[in-house]
Amino acid sequence: MKIDPHDLEHLSEAKTFPDKTPYKSLSVANVWSLAGRPGMSGREIEIVALENGIVPERYARNMRTFSLEDQAALLRARVGVVGLGGLGGTVAEVLARMGVGRLTLVDGDRFEESNLNRQLLSTVDGLGQLKSEAAQARVGRINPSVDVNALTEFVTADNAGAVLEGCNVVVDCLDNLRTRFVVEDACRRIGCPLVSAAVAGASGHVTTIFPEDTGLRLIYGEPGQLPLKGAETALGTLPHAVVFLATLECAEVVKVILKKGSLLRHKLLVADLMDGIVDVMNLR
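Here goes a summary of the coordinates provided. (Residues numbered from 1 in each chain as written. Predicted model: local features only at pLDDT ≥ 70, side-chain atom pairs only at ≥ 80, totals over all residues. Heavy atoms only, no water.)

Read from one edge to the other, the open sheet built from eight strands follows the order β6-β5-β4-β7-β8-β9-β10-β11, with strand pairing classed as mixed. On the outer flanks of this sheet lie β6 (147–151) and β11 (277–282), each paired with one strand and no other. Put simply, the sheet's adjacent strands are angled 15 degrees from each other on average, direction ignored. (Pairing = 2+ DSSP bridges. Helix = DSSP H or I, 4+ residues; strand = E, 2+ residues; numbered from the N terminus. Axes fitted to C-alpha atoms, helices over the stretch in contact; angles between N-to-C directions.)

Moving on, we get to the sheet that holds strand β3 (residues 54–56). In space, the three strands of this open sheet follow the order β1-β2-β3, with mixed pairing throughout. The outermost strands of the open sheet, each flanked by one partner alone, are β1 (13–16) and β3. Each adjacent strand pair in this sheet contributes to an overall mean axis angle of 50 degrees, direction not counted. In the sheet, strand β2 (residues 22–26) pairs with β3 via three bridges, with the strands oriented parallel. Of the residues in β3, the one forming a bridge with K24 is I54. This element, helix α3 (residues 42–51), spans β2 and β3 of the sheet and lies at about 145 degrees to β3. (Contact = heavy atoms within 4.5 Å.)

On the surface, L116, V124 and L127 cluster together into a nonpolar patch covering about 240 Å² of accessible area. Structurally, the position occupied by L116 is in the loop between β5 (102–106) and α6 (131–142). Looking at L116, the relative accessible area reads 35%, which means it is partly exposed. (Patch = residues over 30% accessible without salt bridge, like charges linked within 9 Å, V, L, I, M, F, W, Y side chains within 5 Å. Areas by Shrake-Rupley, 256 points an atom, 1.4 Å probe, with all protein chains shown as cover. Salt bridge = Lys/Arg side-chain N within 4 Å of Asp/Glu carboxyl O. Buried < 20%, exposed > 50% of the residue type's maximum accessible area, 1.4 Å probe, protein only.)

Next up on the list: the pairing of strand β4 (residues 78–82). Within β4, five of the five residues are buried, which leaves the element mostly enclosed by the surrounding structure. Of the two faces of β4, both are covered, the one formed by R78, G80 and V82 as well as the one formed by V79 and V81. Here five bridges tie β4 to β5, and the two strands are oriented parallel to one another. Paired with V79 across the two strands is L103, which belongs to β5. Where the polypeptide runs from β4 across helix α5 (residues 86–98) and back to β5, its parallel neighbour, the crossover connection is right-handed. Bridge count between β4 and strand β7 (residues 169–172): four bridges; the pairing is parallel. Counterpart to G80 in the pairing with β7 is V170. (Right-handed = clockwise from strand over helix to strand, strands pointing away.)

Of the strand pairs in this sheet, β5 and β6 are connected by five bridges, and their pairing is parallel. From the neighbouring strand, L103 faces β6, where its bridge partner is V148. Taken together, β5, α6 and β6 form a β-α-β motif whose crossover is right-handed.

Here the focus is the state of the cysteines. Enumeration over the complete set of coordinates arrives at zero disulfides. C192 forms no disulfide, and the closest cysteine sulfur to it belongs to C187, at a distance of 4.7 Å. What makes C192 buried here is its relative accessible area of 2%. Free cysteine: C250, not disulfide-bonded; nearest cysteine sulfur from C173 at 7.9 Å. (Disulfide = S-S within 2.5 Å.)

A word on the environment of L34. The topology assignment puts L34 in helix α2 (residues 28–35). Its relative accessible area of 2% is what places L34 among the buried residues. Distance in space between the C-alpha atoms of L34 and D7 is 8.7 Å, their sequence separation being 27 residues. In this view, L34 contacts D7, L8, L11, M40 and I45; residues no more than four positions away in its chain are not counted.

Listed in full, the buried residues belonging to α2 are V31, L34 and A35. Burial along α2 is one-sided: seen end-on, the buried residues are contained in an arc of 100 degrees. Residues of α2 that are buried in the fold lie against α1 (5–11), β2 and α3. (Arc of directions from axis to C-beta.)

Time to look at helix α4 (residues 68–76). Taken as a whole, α4 has its buried residues at D70, Q71, A72, L74 and L75. The inward-facing, buried residues of α4 contact α3, α5, β5 and α11 (239–258).

In this section: the packing of aromatic side chains. For the structure shown, the criterion picks out two aromatic pairs. Between the aromatic rings of F17 and Y23, the centroid separation amounts to 4.0 Å while the plane-to-plane angle is 15 degrees, which identifies the pairing as stacked. You can call F17 buried: its relative accessible area is 5%. On the basis of an interplanar angle of 65 degrees and a centroid distance of 6.3 Å, the ring pair of F181 and Y220 is categorised as edge-to-face. With F181 in helix α8 (residues 177–190) and Y220 in helix α9 (residues 217–220), the pair connects residues that are 39 residues apart, well separated along the chain. In this arrangement the basic side chain of R265 is found over the ring face of F210, its NZ or CZ atom lying 4.2 Å from the centre. (Phe/Tyr/Trp six-rings, centres within 6.5 Å; stacked < 30°, edge-to-face > 60°. Lys NZ or Arg CZ within 6 Å of the ring centre and 35° of its normal.)

This is the structure in structure tokens:
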């Protein structure tokens, strides 16, 4: 069944942005009244609304920075998030709230007590739960218009290409150095940009890598010479650093999808939150 724009027009409500600019709004309740019909999804309804000048109210505060076309582009995009711990749980939450319409969420791990200090999806009553299942449930509660493909498996050289196929951008939220290179190699094969971040203590870094770029070797060296874990084994991982770096990853994802802004491509943003230092280095 096709979505009739007249139905959306009938259900829309006149509102104004904080700067008093008028707009037509479509409530969450009305999106889901339409999504209950056969063959209609919330994501598709929201895209058609935007194409017809109507703002789904859940995205109203995205507007003025994003255009209607920008928001529709986010809803059409697919983003892969590999690793659903501290970085990945926050990335999944932010992208769902922002309105990225399709998420591939990948992790074979379960929550344990040491995750509680920093992993947004971890709770005391969820200890032992699969991280991919928690992420899917959380996204569903935040924004049921988002189409989630939750995969309960670890990324390997054998499955990475199939797992990430179809993504417009992939977000590396791993704590395993060697697996980062597996994900990067898969992104090269499928022609997909990669946003990568790492956190240790109160510090971290983030970069964006396109398939033709040298990428992670400029940061870590050759993968065969690396340990499994990085500096977090000695420094731990603090929650404010995790959320900060995850937010920067989301900013890069949006810029890749919308082709707007200045990417951290060929660059490494390094942050030390203990001393309040943020610097950007060139990678060549």
